[in-house]
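Next come the chains, spelled out residue by residue.
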Amino acid sequence: NLYFYSYSFTKPQPNTIARKTNLYELDTKTNNVKKIKSFASSVQIPIKAYDNYLFYSLAQIEHNYANITNFGYGYTNSLYVYDTQEKTTKKLFTKPMLAFAVDQIESKTNISGIYTTALETEFGSEIWKFSNNKSELIGTTNYYISEIVALKKGSFFVVAKSRSNA
């Protein structure tokens, strides 16, 4: 099956626009499309699939964010896992993530991977490992990492840009 986001806009009152994000499942054999979830929050990081699980994040914009990249504004993202067989959702954690990838699932409560955050005082990224609801800083780089793909357990591909290409 194929999973995708779609956005819709409404005007709840004059001079305002509300955005709604919908997560859909397309059955590629029957071409039937089914809405799985609807969110009022924004989605900043692409959805990821791993076995029978979908991982998605919902963003919340905040001010007084510790970065120089976005003038003190930034997003915290709550990472969720959706079980496509049991149709259940679980919130894993909330962090100021730029990107994430999952590289292992031993159980619904034991999921591991990495995520990145912006450096607080200069251009670049921190790289964090997560597992069992714990996070550990594993490195920093002067590259801004905007996307991560897990290749296999412990091996990742990243998309990043340097300050000179920003």
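Each residue is numbered by its place in its chain's sequence as written, counting from 1. In keeping with the model being predicted, local features are shown solely for residues with a pLDDT of at least 70 and side-chain atom pairs are shown and tallied solely at 80 or more, while totals for entire chains, interfaces and linings include all residues. The side-chain figures draw on all heavy atoms in the structure; neither hydrogens nor water molecules are used.

Novice: Outline the environment of Q85, listing residues and values.
Specialist: A run of DSSP states H or I qualifies as a helix once it reaches four residues; a run of E qualifies as a strand once it reaches two. Both are numbered from the N-terminal end. Inspection of the secondary structure assignment puts Q85 in the loop between β6 (74-83) and β7 (88-95). Once the C-alpha coordinates of Q85 and G139 are considered, the two residues, 54 residues apart in sequence, prove to be 35 Å apart.

Novice: Run through the environment of V33, naming residues and quoting values.
Specialist: Mapping V33 onto the fold places it in strand β3 (residues 33-39). Owing to a relative accessible area of 48%, V33 belongs among the partly exposed residues under this scheme. For the pair formed by V33 and Y143, sequence separation is 110 residues and the distance between their alpha carbons is 39 Å. Any two residues whose heavy atoms approach within 4.5 Å at even a single point are treated as in contact. Setting aside residues no more than four positions away along its own chain, V33 makes contact with F4, Y24, E25 and L26. Think of it in three bands: with a 1.4 Å probe and only protein chains considered, a residue is buried below 20% of the maximum accessible area for its type, exposed above 50%, and partly exposed in between.

Novice: I'd like to hear about empty space enclosed by the protein, residue by residue, with values.
Specialist: Buried and open spaces are told apart on a 1 Å grid over the protein atoms alone, a cavity being a set of points where a 1.4 Å probe fits but cannot get out and a pocket being an open set with protein on both sides within 12 Å along at least five of seven lines. Residues with an atom within 4 Å of a point are the lining residues. Grid points are joined across faces, edges and corners, and a volume is the space filled by probe spheres set on the points. Per the counting criterion, the structure on display carries one cavity of 30 Å³ or more. Roughly 80 Å³ of internal volume is contained in the largest cavity. Every residue along the wall of the largest cavity is listed here: K90, L92, F93, K108, T109, N110, I111, F130, S131, N132, N133 and K134. Of all elements in the fold, only β7, β9 (110-118) and β10 (125-131) reach the threshold of two or more residues within the lining of the largest cavity. Element by element, the count of residues in the lining of the largest cavity is highest for β7, at three residues. Among the residues making up the lining of the largest cavity, the classes are represented as four nonpolar, five polar and three charged. When residues are sorted by character, Ala, Val, Leu, Ile, Met, Phe, Trp, Tyr, Cys and Pro go into the nonpolar class, Asp, Glu, Lys and Arg into the charged class, and all the rest, Gly among them, into the polar class.

Novice: I'd love a proper account of the sheet that holds β6, names of residues and values included.
Specialist: What makes two strands pair is DSSP finding at least two bridges between them. Judged by pairing direction, the sheet is antiparallel, and its four strands sit side by side in the order β4-β5-β6-β7 without closing on themselves. The sheet is open, and its two borders are formed by β4 (48-50) and β7, each paired with just one other strand. Neighbour-to-neighbour, the strand axes of the sheet open up by a mean angle of 25 degrees, direction not taken into account. Direction of pairing for β6 relative to β7: antiparallel, over a ladder of seven bridges. Looking across to β7, one finds that V81 is bridged to K90. Helix axes are fitted to C-alpha atoms over the stretch in contact, other axes to C-alpha atoms as well, and angles between N-to-C directions run from 0 to 180 degrees.

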